[in-house]
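# Observations on chain architecture
What follows is each chain in one-letter form.
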Amino acid sequence: MSDRAVLHVKGRVLAGPEDVRDELWVVGGRVSYDRPAGARDIRTVEGWTLPGLVDAHCHVGLGPHGPVEQDVAEKQALTDREAGTLLIRDAGSPSDTRWIDDREDLPKIIRAGRHIARTRRYMRGYAHEIEPEDLVAYVAREATRGDGWVKLVGDWIDRDLGDLAPSWPREAVEAAIAEAHRLGARVTAHCFAENSLQDLVEAGIDCIEHATGLTDDLIPLFASRGVAIVPTLVNIATFPQLADGGQDKFPRWSAHMRRLHERRYDTVRNAYDAGIPVYVGTDAGGHLAHGLVAGEVAELVTAGIPPVEALSATTWGARKWLGRPGLEEGAPADLVVYESDPRADVRVLETPRRVVVNGHVVG
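Not measured: the values here are computed from a predicted model.

Turning our eyes to something else, we now look at helix α8 (residues 251–262). Relative to the 16 Å expected for 12 residues at 1.5 Å per residue, α8 spans 17 Å between its end C-alpha atoms, a close match to the ideal helical length. Within the span of α8, buried status applies to Trp253, Ser254, His256, Met257, Leu260 and His261. On an axial view of α8, the arc spanned by its buried residues comes to 160 degrees, and they lie on one face. Residues of α8 that are buried sit in contact with β13 (155–158), β14 (163–166), α6 (233–236), α7 (239–246) and α9 (264–273).

A separate point is the pairing of strand β4 (residues 42–51). Inspection of the sheet shows strand β1 (residues 6–16) paired to β4 by 8 bridges, in the parallel sense. Opposite glycine 11, over in β4, you have glycine 47 as the bridge partner. Here 4 bridges tie β4 to strand β18 (residues 335–338), and the two strands are oriented antiparallel to one another. Within β18, the position partnered with leucine 50 by the bridge is valine 336.

With that settled, consider the packing of aromatic side chains. Within this structure, the stated rule accounts for 6 aromatic pairs. Relative to tyrosine 126, the ring of tyrosine 122 has its centre 6.0 Å away and its plane inclined at 80 degrees; by these criteria the two rings are edge-to-face. When sorted by exposure, tyrosine 122 lands in the same class as tyrosine 126, which is buried. Grouping aromatic residues by their ring pairs yields a cluster made of Tyr122, Tyr126, Trp156, Phe192 and Phe239. Across the ring face of tryptophan 149, the terminal group of arginine 89 is positioned such that the distance to the ring centre comes to 4.6 Å.

Time to look at unusual backbone geometry. With the exception of glycine, the majority of residues adopt a negative phi angle, and the majority of peptide bonds are in the trans configuration. Of note in this structure, histidine 210 is not a glycine but carries a positive phi near 75 degrees. In this structure, histidine 210 sits in strand β16 (residues 207–210). You will see that aspartate 283, though not glycine, has its phi angle at about 65 degrees, which is positive. Here aspartate 283 lies in the loop between α9 and α10 (293–303). Given a relative accessible area of 13%, aspartate 283 falls into the buried group.

Our focus in this paragraph is the packing of α7 against α8. Axis separation between α7 and α8 bottoms out at 8 Å; the angle between their running directions is 170 degrees. Classified by the angle their axes make, α7 and α8 are roughly antiparallel. Between α7, through Phe239, Pro240, Leu242, Ala243, Asp244 and Gly246, and α8, the contact on the second element is made entirely by Pro251, Trp253, Ser254, Met257, Arg258, Leu260 and His261.

Glancing now at the sheet that holds β18. The 7 strands are arranged β3-β2-β1-β4-β18-β19-β20 in an open sheet whose pairing can be described as mixed. With partners counted over all chains shown, the strands left at the sheet margins are β3 (30–32) and β20 (360–361), one partner each. For strand β19 (residues 354–357) and β20, the ladder comprises 2 bridges, and the chain directions are antiparallel. Following the sheet pairing, valine 356 is matched in β20 by valine 361.

Our focus in this paragraph is the side chain of glutamate 299. Turning to its location among the elements, glutamate 299 is positioned in helix α10. Despite its burial, glutamate 299 pairs with no opposite charge; the closest candidate is arginine 264, at 4.5 Å N-O.

For the rest of this paragraph, the subject is the sheet that holds strand β5 (residues 53–58). Across a sheet, strands are paired by hydrogen bonds formed along the backbone, either parallel or antiparallel in direction. If you walk across this open sheet you meet the 3 strands as β5-β8-β9, and the pairing is parallel. Single-partner strands in this sheet number two, and they are β5 and β9 (108–111). Taking the axes of each pair of neighbouring strands and ignoring which way they run, one obtains an average angle of 20 degrees across the sheet. As paired strands, β5 and strand β8 (residues 85–90) are joined by 4 bridges and run parallel to one another. Looking at the pairing, cysteine 58 lines up with aspartate 90 of β8.

Calculation criteria
- Residues numbered from 1 in each chain as written.
- Predicted model: local features only at pLDDT ≥ 70, side-chain atom pairs only at ≥ 80, totals over all residues.
- Heavy atoms only, no water.
- Helix = DSSP H or I, 4+ residues; strand = E, 2+ residues; numbered from the N terminus.
- Expected span 1.5 Å × (residues − 1).
- Buried < 20%, exposed > 50% of the residue type's maximum accessible area, 1.4 Å probe, protein only.
- Arc of directions from axis to C-beta.
- Contact = heavy atoms within 4.5 Å.
- Pairing = 2+ DSSP bridges.
- Phe/Tyr/Trp six-rings, centres within 6.5 Å; stacked < 30°, edge-to-face > 60°.
- Lys NZ or Arg CZ within 6 Å of the ring centre and 35° of its normal.
- Axes fitted to C-alpha atoms, helices over the stretch in contact; angles between N-to-C directions.
- Parallel < 35°, antiparallel > 145°, perpendicular 65-115°, else oblique.
- Lys, Arg positive; Asp, Glu negative; His and termini not counted.
- Salt bridge = Lys/Arg side-chain N within 4 Å of Asp/Glu carboxyl O.

In structure tokens:
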């Protein structure tokens, strides 16, 4: 399609959970609901249209051993794009991916800087590994490098204890989160265990990744503070395999990981029922493949979240949470077209009919 061409999207445009339209136009790479006068070069796409999907926990530029070369990061971003993911919150990456911002054919990225972890308490090559007295300084550093988010590693296996344990003292996270907020950034944290959550939430954290340790006694605290969770259920599915691998060396940790896995659906459903905001994230990158967003939406439905709400968690609701537009008048035309109504069956998300980025049909 030429730069002066107009794209006509027909069928059903799901601009919001209750905002269903018959058509939209893409003019100059942006959404319009008015037919452009005098348009001649028109391409038509027909189907069920959603805003570009959101993966709110994804790692472009991260591989199994840390940062990857630009060509590998490009393949990661293209894989996500082919799956319909057009907005990524990159929840920690050691790679500089700013070059992606200059590519009109790739997903848009909201970065959280590099992970910040306790010394020898995370995967090697992924994070800044520091001690609590340096946490505020590193949070300030990553707040200025990111796009309004900072990522902490809230817990990890303590080798002496042989189980998951919090990474940071309460006073350290209080000071660090306050500094991030002063600089205009929100803070999220990787958390598997139960005992890392209360201090982080009471310290003012904005989001928790994975949140497998969210128990019934903690749910009211999350709900009252408006702390969001990104469950990454497609990643939690790997817990039994991880537990098997650590059984001989860390049997206590292995048993804990199995328990967290067994109650994963109850954890997410109870959080949703209590009004805790839940968003879609896959944890792609590192050891997990990219392009799994449809599978994560299906997992939320399996957990008991209604299909329309699971869709919102990767479209309208997620974009609002991240401060990015959907299919509003004048917004960048990032959209995905499907053969049938994804509200009736979210598995439709597995096979996009067309993917449009900045008004360009790329898939």
